[in-house]
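Structural characterization, general
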Amino acid sequence: MALPAQDERTVPAVVLQDLDRQPLEQALDGMQTLIDHHGHVVVVCSRAAPRGVERRLHTIRSLLESDRIALFRPGLPPLGLAVLARQLRQLASCDLSPGVLASAARLLTHYIHSGAVLGSVTRLDRVPVDLKAHAKSWVPGSQFGVIAHPEPQLVRIGPEATLAGPDFGTWMLLAKGRLQSDWAGSTLAPAWNVQGLRETALPAESATWWGTGKLIEFCTYLPDLSVLYQLVTSVRQGVCHWCGIDVIGDRCVFCSATPPPARESPAPTGFG
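The following paragraphs examine the structure supplied in this document. (Residues numbered from 1 in each chain as written. Predicted model: local features only at pLDDT ≥ 70, side-chain atom pairs only at ≥ 80, totals over all residues. Heavy atoms only, no water.)

1. Focus: the nonpolar core
Counting residues in hydrophobic clusters, the biggest one holds 29 residues, and the most contacted among them are Val83, Leu84, Leu91, Leu96, Leu108 and Val232. Those elements giving two or more residues to this core turn out to be α3 (78-91), α4 (98-109), β6 (171-176), β8 (215-221) and α8 (225-233). If one sorts the elements of this core by residue count, α3 sits on top with 7 residues. Those residues within four positions of Leu96 in sequence are excluded, and the remaining contacts are Leu91, Leu101, Tyr229, Val232 and Thr233. (Core = buried A, V, L, I, M, F, W, Y, C linked by side-chain atoms within 4.5 Å. Buried < 20%, exposed > 50% of the residue type's maximum accessible area, 1.4 Å probe, protein only. Helix = DSSP H or I, 4+ residues; strand = E, 2+ residues; numbered from the N terminus. Contact = heavy atoms within 4.5 Å.)

2. Some remarks on the pairing of strand β5 (residues 153-156)
Pairing between strand β4 (residues 144-149) and β5: 4 bridges, direction antiparallel. By the bridge assignment, Phe144 is partnered in β5 with Arg156. Where β4 folds back onto β5 in an antiparallel hairpin, the turn is made up of 3 residues. (Pairing = 2+ DSSP bridges.)

3. So, the sheet that holds strand β3 (residues 113-118)
Spatial strand order, β5-β4-β3-β8-β6-β7: 6 strands in an open sheet with mixed pairing. In this open sheet, the two edge strands, each paired with only one partner strand, are β5 and β7 (196-200). Averaged over all pairs of adjacent strands, the angle between their axes in this sheet comes to 20°, without regard to strand direction. Two strands pair when backbone bridges link them, and β3 and β8 are joined in this way by 6 bridges, in the antiparallel orientation. Residue pairing in the sheet places Ser114 in a bridge with Cys219 of β8. Of the strands in this sheet, β3, β6, β7 and β8 touch α3, which is tilted by about 35° from β8. Of the strands in this sheet, β3, β4, β6, β7 and β8 are in contact with helix α6 (residues 183-191), which crosses β6 at around 160°. (Axes fitted to C-alpha atoms, helices over the stretch in contact; angles between N-to-C directions.)

4. As for helix α1 (residues 24-38)
Its 15 residues place the ends of α1 21 Å apart at the C-alpha level, agreeing with the 21 Å of an ideal helix rising 1.5 Å per residue. For α1, the full list of buried residues reads Ala27, Leu28, Met31, Leu34 and Ile35. When α1 is viewed along its axis, its buried side chains cluster within an angular range of 125° and face the same direction. Set apart from the buried face of α1 by more than 90 degrees, the exposed residues are Glu25, Thr33, Asp36 and His37. Against β1 (41-44), α2 (51-64) and β2 (69-72) lie the buried residues of α1. (Expected span 1.5 Å × (residues − 1). Arc of directions from axis to C-beta.)

Structure (structure tokens):
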């Protein structure tokens, strides 16, 4: 899902529709066109997407023999992933090199809290659920607050229910499915000192990811471009020893190379 632009500088998204169902030649031509126009492409893909999508992306990258395509599949729920993609679109308007921009995806995931209010956890397999919670999910009217990222949490919603949240200022985004509840907006958001609240449509993959369509997905994030830019530029940058692109972190997002192991100096030799 491509979220609306956060500001007038936000770069438009390119949605790769039906990538695994269209002819391979068409998919190759589409990706090559993007590379020719933009120079580099950062693909953000949900783990809830069909496996055929991931296979097609790797096939395209291999057949094009391109080190200008970065594939990123973080463990974020669909709404959190959409927020991350928009943050990268915000940063794309700045003076960041392609490697630093693509590397920023890993960094920014640490500042996203993603969860949902669920009417049932019987089919939830992405967050640990104990037998007690499974039993309570059969009680009519039960609702659960769940955090999937950055650390799994699960509580049955009640007067004393609480979830640990960010310790820095954020905004919250809500996406409502087939569940009636105002707990995320009226209880959780104030408890987390959320500075603003917005709503959007529920991503198509959310029901699959959470195991139920009776949910309200939520996500807290940093909305300001100046803050995002400061976070990214404050991290030490390096140069990939294989493809020569600027990166942050220990793995190049374009060629997947890691820094070579440090070479040990040979032991001195001499005569006694």
